[in-house]
Amino acid sequence: VFQLSVPLNFLGSVYRELRQSLLDMETLFNLQKVNVAIKEPPNAKPLALTGGEIKFENVTFGYRPDRPILKNLDLTIPAGKKVAIVGPSGCGKSTILRLLFRSYDVQEGRILIDGQDIRDVSIESLRKAIGVVPQDTPLFNDTIEHNIRYGNLNAPPEDVEKAAKRARIHEIIQRFPDGYKTMVGERGMMISGGEKQRLAVSRLILKDPPLLFFDEATSALDTHTETTLLQNINSILREKARTSVFVAHRLRTIYDSDVIIVLKDGNVAEQGTHEKLVDSDGVYSELWSAQEMLFIEGEQEKKEEGSPKK
Ligand code: ATP
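Computed from a predicted structure; not experimentally measured. (Residues numbered from 1 in each chain as written. Predicted model: local features only at pLDDT ≥ 70, side-chain atom pairs only at ≥ 80, totals over all residues. Heavy atoms only, no water.)

1. Comments concerning a negative patch on the surface
A cluster of like negative charges, contributed by Glu275, Asp279, Asp281 and Glu286, occupies part of the molecular surface. Examined against the element boundaries, Asp279 turns out to sit in helix 9 (residues 274–279). Taking the relative accessible area as the measure of exposure, Asp279 reaches 63% and is therefore exposed. (Patch = residues over 30% accessible without salt bridge, like charges linked within 9 Å, V, L, I, M, F, W, Y side chains within 5 Å. Areas by Shrake-Rupley, 256 points an atom, 1.4 Å probe, with all protein chains shown as cover. Salt bridge = Lys/Arg side-chain N within 4 Å of Asp/Glu carboxyl O. Lys, Arg positive; Asp, Glu negative; His and termini not counted. Charge placed at Lys NZ, Arg CZ, Asp CG, Glu CD. Helix = DSSP H or I, 4+ residues; strand = E, 2+ residues; numbered from the N terminus. Buried < 20%, exposed > 50% of the residue type's maximum accessible area, 1.4 Å probe, protein only.)

2. Re the site of the ligand
Taken together, 15 residues sit near the ligand, with Ser89, Lys93, Ser94, Thr95 and His249 positioned nearest. Separating a nitrogen atom of the ligand from a side-chain N or O atom of Tyr104 is a distance of 3.4 Å. The separation between an oxygen atom of the ligand and a polar side-chain atom of His249 is 2.8 Å. Here the ligand, which alone exposes 640 Å², has 66% of that area covered by the protein. Among the residues forming the shell around the ligand, the class breakdown is 5 nonpolar, 7 polar and 3 charged. (Near = heavy atom within 4 Å. Polar contact = N/O pair within 3.5 Å; in protein donor to acceptor, adjacent residues only side chain to side chain. Nonpolar A, V, L, I, M, F, W, Y, C, P; charged D, E, K, R; others polar.)

3. Notes on helix 7 (residues 193–207)
An ideal rise of 1.5 Å per residue puts 21 Å on 15 residues; helix 7 measures up with 21 Å between its terminal C-alpha atoms. With 12 of 15 residues buried, helix 7 is to be regarded as a mostly interior element. Within helix 7 the residues assigned to the buried category are Gly194, Glu195, Gln197, Arg198, Leu199, Ala200, Val201, Ser202, Arg203, Leu204, Ile205 and Leu206. Lining the buried residues of helix 7 we find strand 6 (130–133), helix 4 (144–149), helix 5 (157–166), helix 6 (170–175), strand 7 (211–215) and helix 8 (223–240). Just past helix 7, the residue Asp208 takes up positive phi, approximately 55 degrees. (Expected span 1.5 Å × (residues − 1). Contact = heavy atoms within 4.5 Å.)

4. Here we look at the environment of Gln107
Relative to the assigned elements, Gln107 resides in the loop between helix 2 (93–100) and strand 4 (108–113). You can call Gln107 partly exposed: its relative accessible area is 41%. On a C-alpha basis, the gap between Gln107 and Leu294 in space is 39 Å, while along the polypeptide they are 187 residues apart. In this structure, Gln107 is in contact with Thr60, Phe61, Gly62 and Pro65, ignoring residues within four places of it in sequence. Within the structure, Gln107 has its side chain in polar contact with the backbone nitrogen of Gly62 (distance 2.9 Å).

5. Topic: the nonpolar core
Within the largest apolar cluster, 42 residues are counted, with the highest numbers of intra-cluster contacts made by Ile144, Ile148, Ile173, Leu199, Phe214, Ile254 and Tyr284. If you tally residues by element for this core, the top one is helix 7, at 6 residues. Not counting residues up to four positions away in its chain, the partners in contact with Ile148 are Val160, Ala164, Ile173, Tyr180, Leu199, Ser202, Arg203 and Leu206. Membership of the second largest hydrophobic core comes to 32 residues, among which are Ile54, Phe56, Leu100 and Ile113. (Core = buried A, V, L, I, M, F, W, Y, C linked by side-chain atoms within 4.5 Å.)

6. Digging into the sheet that holds strand 3 (residues 82–86)
Ordered in space as 6-7-8-3-9-10, the 6 strands form an open sheet in which the pairing is mixed. The outermost strands of the open sheet, each flanked by one partner alone, are strand 6 and strand 10 (267–272). Pairwise comparison of adjacent strand axes, ignoring direction, gives a mean angle of 20 degrees for this sheet. Across 5 bridges, strand 7 lies against strand 8 (residues 243–247) in parallel orientation. When the sheet's bridge partners are listed, Asp215 is paired in strand 8 with Val247. Each of strand 3, strand 6, strand 7, strand 8 and strand 9 (259–264) touches helix 2; the most contacted strand, strand 7, lies at about 150 degrees to it. Across the face of the sheet, helix 7 comes into contact with strand 6 and strand 7 while running at roughly 170 degrees to strand 6. (Pairing = 2+ DSSP bridges. Axes fitted to C-alpha atoms, helices over the stretch in contact; angles between N-to-C directions.)

Keep in mind these values describe shape, not function.
Right, here's the structure in full:
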């Protein structure tokens, strides 16, 4: 029985691995789903980054041309600064990030990174320069370690661990049944939304791209974990003078940004620092007061670690 079971087990694991890699290819393909309309000119040069300044010039875009989401939008994200984009649900915050990644192209106007129209540079170099923590991060059916290492396939295990520490997930991983070798994804261990977000942040820290985009990246974390994670992210951004864009609903997570851009009806309603916007008594100031009230009330009912917040 023993002799027979060994080769069978072996075959089983080969089969599992095969299935695994097929599934991973599927995930990868979905992740990088190519929009056929997105093209690069022949002999496109790689994006040449100097400081990482991003400019939208007169940008008009709608998923359907008859329903524009962004209308003649002008905005500047200064090199090396932390910028937040806020505004009502559906106003086009995530769309700005998708346009920057060239998941779609603008209908009018242009987007420049360090003075280069992103349609003129190679798509590979553009996407390599960008790291995104999306609203919902896909996990591969693989180990925790592989899921983080996807950010940089050549990273040694020490760097994977270092990234996980900075993303405040290392201690949790150590408590998993097989530590960094624990399988996650559909057929692995179920992990919480907050843990998933922190894995995505680890992946980004390991990738270490020049441009970092966070789309509601810490929305599933409890207040304490969120605050310390944001502090760690801030220190990385400052240390390396990276350009970053945060899309957020909860203003408490972005009030320390160098520039806060408030979007409304497809355009910039107001922009400036938190202090300036609060003083100007506009949309931001109203939202801030309303959210502060909610936050104070929420803090009174102490929340459990990892439970999603409203
Ligand atoms: P939220 O704060 O709710 O995440 P948002 O400001 O990030 O919203 P977007 O995701 O940029 O908003 O979406 C802007 C508008 O475009 C919304 O009305 C949305 O329904 C629509 N939209 C988004 N993605 C698509 C798509 N792939 N096809 C068609 N419409 C879309």
